[in-house]
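Read off the chains here:
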Amino acid sequence: MFDWMVWTTPVAVFFSCIALTLVGMVVWELKSPTVKRRGFLPIATTRGDRLFIGLLSAAYINLAFVGLAGKFTEWFGLSAEPSIWISFVLSMGVLGLIMARG
């Protein structure tokens, strides 16, 4: 069924983190309803809004990294493509920043 997708460890960890985040957000929302606030994003957002924006940002960072990994090898003279863990850590950092300060 899932043979079409390359389920590497980083991909599995990435999607597991997204699933755990969604479950955590549901529990957090039930315990403490959210209010809109303004951060560095140009609009007033709720936790759910910031999560959605953060997940989109994380997905685009990972897609851009996968698309540019071959170019990074050329540009920086690397012997092999850089690890996908780099984009995972970067995307989770951006997601955390948007959730905390966005």
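Look above for the structure.
Residues numbered from 1 in each chain as written. Predicted model: local features only at pLDDT ≥ 70, side-chain atom pairs only at ≥ 80, totals over all residues. Heavy atoms only, no water.

K.L.:
Explain the environment of Arg-37 to me, please; I cannot follow it from the model alone.
P.N.:
Its place among the elements puts Arg-37 in strand S1 (residues 37-38). Along the primary structure Arg-37 and Val-89 are separated by 52 residues, whereas in three dimensions their C-alpha atoms are 27 Å apart. Beyond its immediate stretch of four places on either side in the chain, Arg-37 contacts Ile-43, Ala-44, Thr-45, Arg-50, Met-99, Ala-100, Arg-101 and Gly-102. Of the polar contacts made by the side chain of Arg-37, one reaches the backbone oxygen of Met-99; its length is 3.4 Å. (Helix = DSSP H or I, 4+ residues; strand = E, 2+ residues; numbered from the N terminus. Contact = heavy atoms within 4.5 Å. Polar contact = N/O pair within 3.5 Å; in protein donor to acceptor, adjacent residues only side chain to side chain.)

K.L.:
Help me understand a nonpolar patch on the surface, please; the structure alone is not making it clear to me.
P.N.:
On the surface, a cluster of nonpolar side chains totalling about 470 Å² of accessible area is made up of Phe-52, Leu-56, Tyr-60 and Leu-63. Within the secondary structure, Leu-56 sits in helix H2 (residues 47-75). (Patch = residues over 30% accessible without salt bridge, like charges linked within 9 Å, V, L, I, M, F, W, Y side chains within 5 Å. Areas by Shrake-Rupley, 256 points an atom, 1.4 Å probe, with all protein chains shown as cover. Salt bridge = Lys/Arg side-chain N within 4 Å of Asp/Glu carboxyl O.)

K.L.:
What exactly am I supposed to notice about the environment of Ser-16 here?
P.N.:
The topology assignment puts Ser-16 in helix H1 (residues 9-31). Given the relative accessible area of 40%, Ser-16 is considered partly exposed. Put simply, Ser-16 and Ala-80 are 64 residues apart on the chain and 27 Å apart in space, counted from C-alpha to C-alpha. (Buried < 20%, exposed > 50% of the residue type's maximum accessible area, 1.4 Å probe, protein only.)

K.L.:
What is the right way to read the side chain of Asn-62 from this model?
P.N.:
Relative to the helices and strands, Asn-62 is located in helix H2. Contact partners of Asn-62, with chain neighbours within four places excluded, come to Phe-14, Ser-87, Phe-88 and Ser-91.

K.L.:
Can you walk me through H2 in this structure?
P.N.:
Spacing of three or four residues puts side chains on the same side of an α-helix, whose turn is 3.6 residues. The sharpest bend along H2 reaches about 50° and sits at Leu-68. The set of residues buried in H2 consists of Arg-47, Arg-50, Leu-51, Gly-54, Leu-55, Ala-58, Asn-62, Phe-65, Ala-69, Phe-72 and Thr-73. Against H1, S1, strand S2 (44-45) and helix H3 (84-101) lie the buried residues of H2. Count one or two residues on from H2 and you reach Gly-77, which has phi positive near 65°. (Bend = angle between axes of the 7 residues up to and from the residue.)

K.L.:
Hey, could you run me through the nonpolar core in this one?
P.N.:
Within the largest apolar cluster, 9 residues are counted, these being Phe-14, Ile-18, Met-25, Leu-51, Leu-55, Ala-58, Phe-88, Leu-95 and Met-99. Put simply, the parts of the chain that give this core at least two residues each are H1, H2 and H3. When sequence neighbours within four positions are dropped, the list of residues in contact with Met-25 reads Arg-47, Gly-48, Leu-51 and Met-99. (Core = buried A, V, L, I, M, F, W, Y, C linked by side-chain atoms within 4.5 Å.)

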